[in-house]
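Single-letter residue listing:
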Amino acid sequence: MNRREHIDTSSMPGPKPTASQPMRICLIGAGGGIGQHLVAKFSRQHEVAAVYRRPPAGWPKGITPVRFTDEKALANAVGAAEVIVHAALNSRARGRQFIPANQATTEKLLSLLSPERCKLFVYFSSQVVYAALDARQCAIQSEDAALSEASRLDAYTRLKLAEEARVIEACRAKGVNYLIVRPTMVMGPGMAWSSGIVDAMRLVPIGLAGRTINLIHVADLADQLYALIERGVVNEVVNLGDLDVRSEDYFRYAASLAGKSLVTMPAWLSRMTTRFIPSTLWFLAHDVQVTSDKVRQLSGVRTGRSLADFFEPPARIVDARSLDIIRDTVRSGKPYHAIGRGYFLWFNDRRQTDQLVMEHYAGIVGLVDNALTVKAGTTLRAILDYLVPRGLTFATLPEFVDISAGACFFAEVHGSSTEHISIYDLISSIRYVDESGEEKLSERDDAVWDGLRGDGGIVVTEVTFRCRPSRLLANAIEWQKESRLEDYVAGEYRNNFSTTVHWYPRSHELMVYNVNPVDGPEPGDRRPFPPMRGSPHWIQKLLLNLRMRGRQRIVGPSERVLAPWTGVPAKQLLGKFFRDTRRRVRNMEVCVPDTHATDFIAKLRRHLPEMQLMPGQGIGVRFTRDPVTDRGFVWVEMTSRDATQMHAMVDMARAACGEDFWVHRGKYVPAGIGVEHLFIPRKVTAA
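Conventions used here
- Residues numbered from 1 in each chain as written.
- Predicted model: local features only at pLDDT ≥ 70, side-chain atom pairs only at ≥ 80, totals over all residues.
- Heavy atoms only, no water.
- pLDDT = per-residue confidence, 0-100.
- Helix = DSSP H or I, 4+ residues; strand = E, 2+ residues; numbered from the N terminus.
- Contact = heavy atoms within 4.5 Å.
- Salt bridge = Lys/Arg side-chain N within 4 Å of Asp/Glu carboxyl O.
- Buried < 20%, exposed > 50% of the residue type's maximum accessible area, 1.4 Å probe, protein only.
- Phe/Tyr/Trp six-rings, centres within 6.5 Å; stacked < 30°, edge-to-face > 60°.
- Lys NZ or Arg CZ within 6 Å of the ring centre and 35° of its normal.

Further remarks concern the confidence of the model for the protein. Counting all residues, the mean pLDDT for the protein is 89, and 95% of those residues have values of 70 or more. Ranking the helices and strands of the protein by mean pLDDT puts strand 21 (residues 371–375) first, with 98, and strand 1 (residues 5–6) last, with 34. A low-confidence stretch, residues 1–19 (pLDDT under 50), is modelled with 39 contacts involving residues beyond four sequence positions or located in other chains.

As structure tokens, this is what we get:
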């Protein structure tokens, strides 16, 4: 654990500690790496209006999200704030537009602040301003150094120099206190100088020697700023920094985390390249020291971190081949997440915590009275291989069955059924290892299981499913006008056991699967085959014409019709493609109650032009239902390399349903989505 201590400032000159009173804080740039930590820190004690250029799919409780482009909401948030923290940077503005675009943001904020209300305006500058100094004459970079724009400074450095002066000038003119903060090299989870440098070292393990680098962990940065504000520090310029390290030690440690041996650039080569290093990276061009003495004195925050503490520890992959291994992992006290078989890792960024891989904790435990018990790592494919020869199957199934039993407890692994919401509804009991490492048996209890699914902290080890006798199903495939979508959403899907729609907005057509039980095949029926649902429009039409050859129905055993894919073709290669493509391919499903689905689809139709779907790109729509509670759900699925399309769908779901919507846990889960949006509660309370 990292040690923090606070020093006594009562005998020091300058601002004295102030009592902590709830304040209204407006934080601009809340979606950035630093901004997210500031929101989390400040919202614990204060009322926070968090300003985003695009609000995330979810946000911490206790904050008010504000769009920067919403002029009225922004004016209200800034005008009502006692403290304004400007940590925004418009990095999308490039070239000649970079400085004017960012200066316009600052000017807008300065024009909106209320001198009668605002007690403090905090501006996030950067240590890059010290690039304006002569490194040969200023080996120690401190806040009292006189700065002026010099030649060969890049746009980011010139922006920060100009903005510091402008903020001080404007605040003095308005009679508002200011605080200029200059972070050093910001480290921590997901930050470029920690996670990013390790990724870079995997490709090119080259580093510089003979430089001094000051590091600040993003969590400590939030603590420092919080303490400065709480203690009433005003009208100051303060470096937010912590630990000085030698560059060779920094790069060597990053290389070790990447599993590489560092190659240190020769002194003659580093001297030669110095002239090509931009001023944003000035600290790599010269051996200078950015002092963090002032922030320690004014904030009282001391961290005691070592170099290793600034990096995320390398994640272990633990193969759960036995119950003892599972227990040891749970009892270790280290953060971990259990992984079964599915696609979550394909569509989401890598996690840095240990992985408890359940894939090999698999096998059939027993079948008693149509109740099948399996170990958690057993795939649905293996389960069907066991059940089908015995005349049994599952009442509902997803199209792909290379998914583990344990995943069916935590995620809504759904097909398209008017009889069940997902396979979770077929589970009658589980065994699980709790936080103490003890294995327990739990019979189905919706109230208890809603808690287990939501709170986490358990590892499911065995699952018992209710099975049913096999039957024949017929899938009637039709192409329809897209205007028919609203009819299915409004309730027409209930006319069939299973209805799946693939919507091609740019082609104005729907491909519809209507599945129902039949007594037997008829002449001209087609046997089941793996469809290519999700293919671009013209490919889908071509493949169906080649496969169906004029026939209208696919007839076969229920598991072959509902789950035609016995496995994902070239799974390892496909998974690597999804994980490693420069712009990650995302697949996301949003689920809304069918009582709100019409409004959601209407919003989706209106916003499709601005979402800029690719030619041939489709949207999957499925329907599930629980007849016992008379609850129905519409699942809308999209695959894209443009994550903003996914985030827009979540925004529309929230606008249509409030907080009563869900995101499929086994697919892409945008940052900020809480666990309450990852499973549908089964315990229905009386209104």
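Moving on, there is more to tell.
Okay, the pattern of salt bridges next. Across all of its chains, the model carries 46 salt bridges by this definition. Residues R305 and D220 are paired through a salt bridge, measuring 2.4 Å at the closest nitrogen-oxygen approach. With R305 in the loop between strand 16 (301–302) and strand 17 (317–319) and D220 in helix 6 (residues 218–230), the pair connects residues that are 85 residues apart, well separated along the chain. When sorted by exposure, R305 lands in the same class as D220, which is buried. The salt bridge involving R682 is made with E412; its shortest N-O contact spans 2.9 Å. Linking R682 in the segment after strand 34 (662–663) with E412 in the loop between helix 13 (407–410) and strand 23 (427–433), this pair joins segments that are 270 residues apart in sequence. With a relative accessible area of 6%, R682 lands in the buried category. A single network of salt bridges, built from pairs that share partners, joins E412, D425, R444, D446, R453 and R682.

Per the counting criterion, the structure on display carries 19 aromatic pairs. Relative to F283, the ring of W193 has its centre 5.8 Å away and its plane inclined at 65 degrees; by these criteria the two rings are edge-to-face. With W193 in helix 5 (residues 192–203) and F283 in the loop between helix 8 (267–273) and strand 15 (289–290), this residue pair connects regions lying 90 residues apart in the sequence. Since its relative accessible area comes to 5%, F283 is described here as buried. Through pairs of rings, three or more aromatic residues link up here, namely Y343, W346, F347, F400 and W565. Across the ring face of Y386, the terminal group of R390 is positioned such that the distance to the ring centre comes to 3.8 Å. Over the face of the ring belonging to Y424 we find R444, whose NZ or CZ atom lies 4.5 Å from the ring centre.

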